[in-house]
Amino acid sequence: MRSMSSYLLSVKNLRVSYNNNVEVLKGVSLNVEKGEKVVIIGPSGSGKSTLLKAIDGLVKIKEGEIFFDGVKVTNDNIIKVRSEIGFVFQNYTLFPHFTLLKNVMFPLQEVKKLSREESEKIASEALESVGLLEKAQSYPFEVSGGQRQRAAIARALALNPKLLLLDEPTSALDPEFVGEVLEILEEIARKGITMIVVTHEIDFAEDVATNVVFIDNGEIIEIGPPSEVLVSPRSERLKKFLSRIIRKKLIYQK
Amino acid sequence: MIDLGFLTSIFPYLIQGLVFTLELSVLGFILGFFLGVTLAVLRLSNDKLLSSISSLYIDLIRGTPLLVQILIIYFGLPSLGLYFDPITAGVLAIGLNSAAYQAEIIRSGIKSIPKENIESAQSLGLTDFKIYKFVVLPLAIRNVIPALTNELVTLVKDSSLVSVIGVAELTRRGEYIIAWTFRPFEVYLLVAMIYFVICYFLSKLSSKLEKVLAVPGFFSAKE
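Rules used throughout
Residues numbered from 1 in each chain as written. Chains lettered and ligands numbered in written order. Predicted model: local features only at pLDDT ≥ 70, side-chain atom pairs only at ≥ 80, totals over all residues. Pairing = 2+ DSSP bridges. Helix = DSSP H or I, 4+ residues; strand = E, 2+ residues; numbered from the N terminus. pLDDT = per-residue confidence, 0-100. Domains from an automatic or database assignment. Contact = placed C-beta atoms within 7 Å. Nonpolar A, V, L, I, M, F, W, Y, C, P; charged D, E, K, R; others polar. Expected span 1.5 Å × (residues − 1). Buried ≥ 20, exposed ≤ 12 C-beta atoms within 10 Å, placed from the backbone. Axes fitted to C-alpha atoms, helices over the stretch in contact; angles between N-to-C directions. Parallel < 35°, antiparallel > 145°, perpendicular 65-115°, else oblique. Left-handed = near helix turned anticlockwise from the far one by under 90°.

*Asks:* Looking at this model, I keep getting lost on the sheet that holds strand S4 (residues 63-68) of chain A. Mind explaining?
*Replies:* Strands belonging to one sheet form pairs held by backbone hydrogen bonds; the direction of such a pair is parallel or antiparallel. Residues and elements named next belong to chain A. Sheet architecture is open: 4 strands sit in the order S2-S1-S4-S5, paired in antiparallel fashion. If you trace the sheet from one side to the other, it starts and ends with strand S2 (22-32) and strand S5 (71-72), each paired once. The pairing of strand S1 (residues 9-18) with S4 spans 5 bridges and is antiparallel. Bridge pairing links Val 11 to Ile 66 in S4.

*Asks:* Would you mind going over the confidence of the model for chain B with me for this structure?
*Replies:* Regions with low pLDDT should not have their predicted coordinates read in detail. Of all residues in chain B, 97% attain a pLDDT of 70 or more, and the chain-wide mean is 93. Our summary of model confidence lists the complex with pTM equal to 0.85 and ipTM equal to 0.89.

*Asks:* I keep staring at the domain arrangement of chain A and nothing clicks. Help me out?
*Replies:* One frequent convention defines the size of an interface as the accessible area lost when the parts assemble. Residues and elements named next belong to chain A. The domain architecture assigned to chain A consists of domain 1 (9-84 + 163-253) and domain 2 (96-160). Distance between the C-alpha centres of domain 1 and domain 2: 25 Å. Taken together, the contact between domain 1 and domain 2 spans 11 residues of the former and 10 residues of the latter. Looking at the side of domain 1 that touches domain 2, the element that brings in the most residues is helix H6 (residues 175-190), giving 5 residues.

*Asks:* Explain the interface of chain B and chain A here, please?
*Replies:* Across the boundary between the two partners, chain B contributes 19 residues, which contact 20 residues of chain A. Per-element tally for the side of chain B that touches chain A: the top contributor is helix H5 (residues 115-123) of chain B, with 6 residues. Considering only residue class, the side of chain B that touches chain A consists of 9 nonpolar, 7 polar and 3 charged.

*Asks:* I would appreciate a short explanation of helix H9 (residues 184-213) of chain B in the present structure.
*Replies:* Counting along an α-helix, one turn takes 3.6 residues, and residues three or four places apart therefore face a common direction. All names here are of chain B. In this model, H9 (30 residues) spans 43 Å end to end at C-alpha, consistent with the 44 Å of a helix rising 1.5 Å per residue. Taken together, the buried positions of H9 are Val 187, Leu 190 and Val 191. On its buried face, H9 sits against helix H1 (4-44) and helix H8 (170-181).

*Asks:* Explanation requested: the pairing of S4(A) in the structure shown.
*Replies:* For a regular strand, side-chain orientation follows a simple rule: the groups alternate between the two sheet faces. All names here are of chain A. Summarising the sheet, S4 and S5 pair through 2 bridges and their orientation is antiparallel. Residue pairing across strands places Phe 67 opposite Lys 72, the latter belonging to S5. Between S4 and S5, which pair antiparallel one after the other, the connecting turn spans 2 residues, and Asp 69 there sits at a positive phi close to 55 degrees.

*Asks:* I'm lost on the pairing of strand S10 (residues 219-224) of chain A in this one. Help?
*Replies:* Residues and elements named next belong to chain A. When strand S9 (residues 211-216) meets S10, the two strands line up antiparallel, connected through 5 bridges. Bridging from a neighbouring strand, Val 212 pairs with Gly 224 of S10. Connecting the antiparallel pair S9 and S10 is a turn made up of 2 residues, with Asn 217 showing a positive phi of about 55 degrees.

*Asks:* Is there a simple way to explain the sheet that holds strand S7 (residues 163-167) of chain A in this structure?
*Replies:* All names here are of chain A. With mixed pairing, 6 strands are arranged side by side in an open sheet as S6-S7-S8-S3-S9-S10. Where the open sheet ends on each side, the last strands, each with one partner, are strand S6 (85-88) and S10. Between one strand and the next, the sheet's axes are offset by a mean angle of 15 degrees, whatever the strand orientation. Here strand S3 (residues 37-41) runs beside S9; their pairing, made up of 4 bridges, is parallel. Note on S9: the bridge partner recorded for Val 38 is Asn 211.

*Asks:* What is the right way to look at the packing of helix H3 (residues 100-110) of chain A against helix H5 (residues 145-158) of chain A in this model?
*Replies:* Residue and element names in this part refer to chain A. Relative orientation of the contacting elements H3 and H5 amounts to 25 degrees, with a least axis distance of 9 Å. Compared by their axis directions, H3 and H5 come out roughly parallel. As H3 runs across H5, the sense of the crossing is right-handed. Contacts from Leu 100, Asn 103, Val 104, Pro 107 and Leu 108 in H3 reach Ala 151, Ala 154, Arg 155 and Ala 158 in H5. By residue class, the composition of the contact of H3 with H5 is 7 nonpolar, 1 polar and 1 charged.

*Asks:* Help me out: how do you make sense of unusual backbone geometry in this one?
*Replies:* A negative phi angle characterises most non-glycine residues, just as the trans form characterises most peptide bonds. All names here are of chain A. Of note, the phi angle at Asn 13 is positive, near 45 degrees, even though the residue is not glycine. By the secondary structure assignment, Asn 13 is in strand S1. For Asn 13, a count of 12 C-beta atoms within 10 Å puts it in the exposed group. Its identity is not glycine, yet Asn 217 carries a phi of approximately 55 degrees, on the positive side. Note on placement: Asn 217 falls in the loop between S9 and S10.

*Asks:* Is there a simple way to explain the packing of helix H2 (residues 48-62) of chain B against helix H4 (residues 86-111) of chain B in this structure?
*Replies:* Packed helices, taken two at a time, are described by the angle their axes make and the gap between the axes. All names here are of chain B. Where H2 contacts H4, the axes come no closer than 9 Å and their chain directions differ by 120 degrees. In terms of axis orientation, H2 runs oblique to H4. For H2 against H4, the interelement crossing comes out left-handed. When H2 is examined against H4, the residues Tyr 57, Ile 58, Ile 61 and Arg 62 are found in contact with a partner set consisting of Leu 96, Asn 97, Ala 100, Ala 103 and Glu 104. Partitioned by chemical class, the residues of the contact of H2 with H4 number 6 nonpolar, 1 polar and 2 charged.

Here it is as structure tokens:
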């Protein structure tokens, strides 16, 4: 079933609830065009991560539809859809029992069905592009949190995804490693890949986002370019949220 | 009181029994492992029917004595036309029994894997089978090597129950010698010693295995 739109991703009236009663997403709709960089902000527990997971079929949808690349996402095509969407989690994206190189090679071999040699070549290039070639033989828990996230990004990119989802990619990091990960993300954003990032890094949203989405309590409250949403928020909830984040940042910078 | 010459003379006979003891426990463990992995995966599956079948099996096996299970397989099943020689019946009984315990051990190992590791595997577009094969089971089993070793050691000792269906394993041979010589204390002591050495050796082997398989920088085995 093709949708009428030209959007890469189209989320329509999405409802998700856990344990059948607590509604985490209360009818969310979102369109993402090819090449767009969407940054999702909002308080913790607002449903941001659930939205990303729902897009990738990782949580059960109660109501609503998702179209990816013009095709409705169903249980029958979810495996294929997932292979075209990269996903970087806050933590534990990499498999701890594989080296960084094996982590990147593994999906190339098992999902893209490339040969060992070809996978190794692509994986090495991907690690090199994030400055981790010399760590190729290290295991995830032998490198820093920042290097782990960079490798996770490399693994996602090596699969040449049409859409990249990042769920608070810097939230679990020690402050000293946040910069290096954001730098990589800014670099790949410039290359034109479509991405949706859940983050609390407001500066990153300002620099990179084409659209900022503010989610609170399972609903999209505001959506628009950063120059509007971040600079002149309309809702009280967003004003409060932004002032809290900015205050935290000022305290941190002191 | 303990006559070393006597013990030396019966040692080779007992060791032949040890071969059966190891055959029963190791083959039973391997059968139990593969069946246990299957049961654990079924128990965790979203399919309610498969999950309840697995739960029922585990409850039934854990709620009945191994001795009775051995008797049912060896003496009971022939009425259904299924005949096994004593060793096969013993391996089957131990394997089917151990599967229930190993299933619970492996299930706890699977539960201990960070949820994001599994979601990450799913998000790559891997099939469920590959997620289990490459990610879930390798991580889960690493987590439960000590508990699985415990199970193997228990089987080595519990395999003595198979003596009731006439397998001349270690304990049974001890009983034969006692019947001929009327020296229960020394014989049982030697039998116990042999069990102890085997179990001690298995525990050491497991610690080694745990270290070799430890995920570098993570879940690392304590020195």
